[in-house]
Amino acid sequence: RSQSPCLGKKMSRKLIINKIIYLKLFMFVCSFFFQIFSWVLSSAKKDDTDDEIAKYDGKWAVEEMIDSKLPGDKGLVLKSRAKHHAISAQLLRPFIFDTKPLIIQYEVNFQTGIECGGAYVKLLSQTPDLDLDQFVDKTPYTIMFGPDKCGEDYKLHFIFRHKNPKTGEYEEKHAKKPDADLRTYYTDKKTHLYTLVVNPDNSFELLVDQTVVNSGNLLSDMTPPINPPAEIEDPDDRKPEDWDERPKIQDPDATKPDDWDEDAPAQIPDEDAVKPDGWLDDEPEYISDPDAIKPDDWDEDMDGEWEAPQVPNPACESAPGCGAWQRPVIDNPNYKGKWKPPMIDNPNYQGIWKPRKIPNPAFFEDLHPFRMTPFNAVGLELWSMSSDIFFDNFFITNDRITADRWANDGWGLKKAAEGAAEPGLAAQMLSAAEERPWLWVVYVLTVALPLVLIIVFCCTGKVRHTHTHTHTHTLQNTAGLCSGSAQSVRLTGGTERSWTPKPRPRRRRRPGDAASLD
């Protein structure tokens, strides 16, 4: 049994695992709550899919998390890998988009990580033929919201189906991709709270753990745009045959100069080159390998005459070169290549042709896209390569304060419990190094190396001297980390000397002597 925060009444909860599953849901009767009645497993099949994988036969369970920090706290868990899952729940009354915002939030924990799959929720449109027992991917929905990931593509969906006021057809509108880095929410195996807020002024916010990760306006930040353009290009317009799109043309009056030699080679031998001394003209660059032996199974009738493989001539190793010497080639200063007329501005240039604009026959202007199709059910229609995805505390309301309070009382407890169970800094560093061995190098450089240097410098018993400009010596005793003491004297000019003091006889100080030790 659970306590209602609005009326303080005790509300009952049920649990039935078969066709209908009552998940740990709170039955509120306040006007700003939209009560979920029951969970229903789909028995449908996907269209246009092989029978072996068409069924929604993925398993669901109501159980605690694998590593639960709150004993007795259960949620809805997707249990099967590489299966289609579909489960939905009817609301006792539909949500009408009028003058109050929509807030939907729920918790997700990828307990075993996530390879490829989603954990998004669908708000199913209110239609006369809505049958939760036949809930499939093509069942009409008003909003789809939640996390999705495949490979290194981390998404947080916000999609709504907008009704064209002229044709009555629906088109999916996708929110822009969040700028925030979402990777951690999919990999840290913690429970995260996903919240969508859509306001009557068409603004929206997507939050994770009560932090905004994406926001915008339905009129300006959806793809494709809500409203089509007022004008479109005329599909029947054709570019005239004499339309000239060339900004530059060859100069028709230009002629090739008489001294232009198109046959001159691009490179010529360097006449100033001289053969290096010691060049071995009579030695080949490669010779037959003297150590090579004809294989025993060599058949000259089949394989031809055997020849030893070629190897670099050892006589050439100490020489600048072997074989016939040839002059190196250089760029020909007289090379001009094939002559082409220079380019000039095209006097007939008309610009890039574009079809003319005409009024868009499909144009409409919907300035209130917030007024979406009412929904009266919530559904999870998912396919995942990972199992044990934990869902909990689905909450739909039109009151932001209540949603925040509910989040703090529910997800806030999980966050506190998971935080208290986190390992210390040292354990986290060791765990990170197990996944990324190169971190050991960083640890050594940032921790071990400075520690070694401190011990070395503090245990050597060195003395540091400083001599002032007045030739006054200052002797300072500093305590080291090891036995013994260190002394220092600063010398004039900033130089330093160090020594280990030895016992010496004390001398009686005479009047007029200059102080040598302070």
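Structure shown above.
Given the structure is predicted, the values throughout are model-derived calculations rather than measurements.

1. Things to note about empty space enclosed by the protein
Reasoning step 1: A full pass over the atoms with the stated rule returns two cavities of 30 Å³ or more.
Reasoning step 2: Its boundaries defined by the atoms lining it, the second largest cavity holds a volume of some 30 Å³.
Reasoning step 3: Forming the walls of the second largest cavity are Met 65, Ser 68, Lys 69, Leu 70, Lys 414, Ala 417 and Glu 418.
Reasoning step 4: In terms of residue class, the lining of the second largest cavity is made up of three nonpolar, one polar and three charged.

2. Section: a nonpolar patch on the surface
Reasoning step 1: A surface patch of nonpolar side chains, amounting to about 510 Å² of accessible area, comprises Val 441, Leu 445, Leu 449, Leu 453 and Phe 457.
Reasoning step 2: Mapped onto the elements, Leu 449 comes out in helix 7 (residues 439–458).
Reasoning step 3: Judged by relative accessible area, Leu 449 falls into the partly exposed class, the value being 41%.

3. What about helix 5 (residues 411–420)?
Reasoning step 1: Trp 411, Gly 412, Lys 414, Ala 417 and Glu 418 are the residues of helix 5 that are buried.
Reasoning step 2: In this structure, the buried side of helix 5 is in contact with strand 8 (102–110), strand 14 (192–198), strand 27 (389–397) and helix 4 (400–409).

4. Looking at the sheet that holds strand 5 (residues 60–64)
Reasoning step 1: Reading across the sheet, the seven strands line up as 5-6-27-8-14-15-16 and stay open at both edges, with antiparallel pairing between neighbours. Of all strands in the sheet, those with a lone pairing partner are strand 5 and strand 16 (211–217), marking the two edges. Taken pair by pair, the neighbouring strands of this sheet meet at an average axis angle of 25 degrees, ignoring direction.

5. Describing the pattern of salt bridges
Reasoning step 1: In this structure the tally under the stated criterion is 21 salt bridges.
Reasoning step 2: Where Asp 73 meets Lys 414, a salt bridge forms, and the shortest distance between an N and an O atom there is 3.1 Å. Of the two residues, Asp 73 sits in the loop between strand 5 and strand 6 (74–78) while Lys 414 sits in helix 5, which places them 341 residues apart along the sequence. In this structure, Asp 73 and Lys 414 share a single accessibility class: buried.
Reasoning step 3: As a salt-bridge pair, Lys 239 and Glu 245 come within 3.7 Å of each other at their nearest N and O atoms.
Reasoning step 4: A relative accessible area of 41% means that Lys 239 is categorised as partly exposed.
Reasoning step 5: Among the charged side chains, a network of salt bridges with common partners joins Asp 73, Glu 107, Asp 392 and Lys 414.

6. Some words on the side chain of Thr 139
Reasoning step 1: If you trace the backbone, Thr 139 turns up in the loop between strand 10 (121–125) and strand 11 (141–150).
Reasoning step 2: For Thr 139, the contacting residues outside a window of four places in its chain are Leu 124, Leu 130 and Gln 134.

Reading the values: rules and limits
- Residues numbered from 1 in each chain as written.
- Predicted model: local features only at pLDDT ≥ 70, side-chain atom pairs only at ≥ 80, totals over all residues.
- Heavy atoms only, no water.
- 1 Å grid on protein atoms, 1.4 Å probe; cavity = no way out; pocket = protein on both sides within 12 Å on 5 of 7 lines; lining within 4 Å.
- Points joined across faces, edges and corners; volume = space filled by probe spheres on them.
- Nonpolar A, V, L, I, M, F, W, Y, C, P; charged D, E, K, R; others polar.
- Patch = residues over 30% accessible without salt bridge, like charges linked within 9 Å, V, L, I, M, F, W, Y side chains within 5 Å.
- Areas by Shrake-Rupley, 256 points an atom, 1.4 Å probe, with all protein chains shown as cover.
- Salt bridge = Lys/Arg side-chain N within 4 Å of Asp/Glu carboxyl O.
- Helix = DSSP H or I, 4+ residues; strand = E, 2+ residues; numbered from the N terminus.
- Buried < 20%, exposed > 50% of the residue type's maximum accessible area, 1.4 Å probe, protein only.
- Contact = heavy atoms within 4.5 Å.
- Pairing = 2+ DSSP bridges.
- Axes fitted to C-alpha atoms, helices over the stretch in contact; angles between N-to-C directions.

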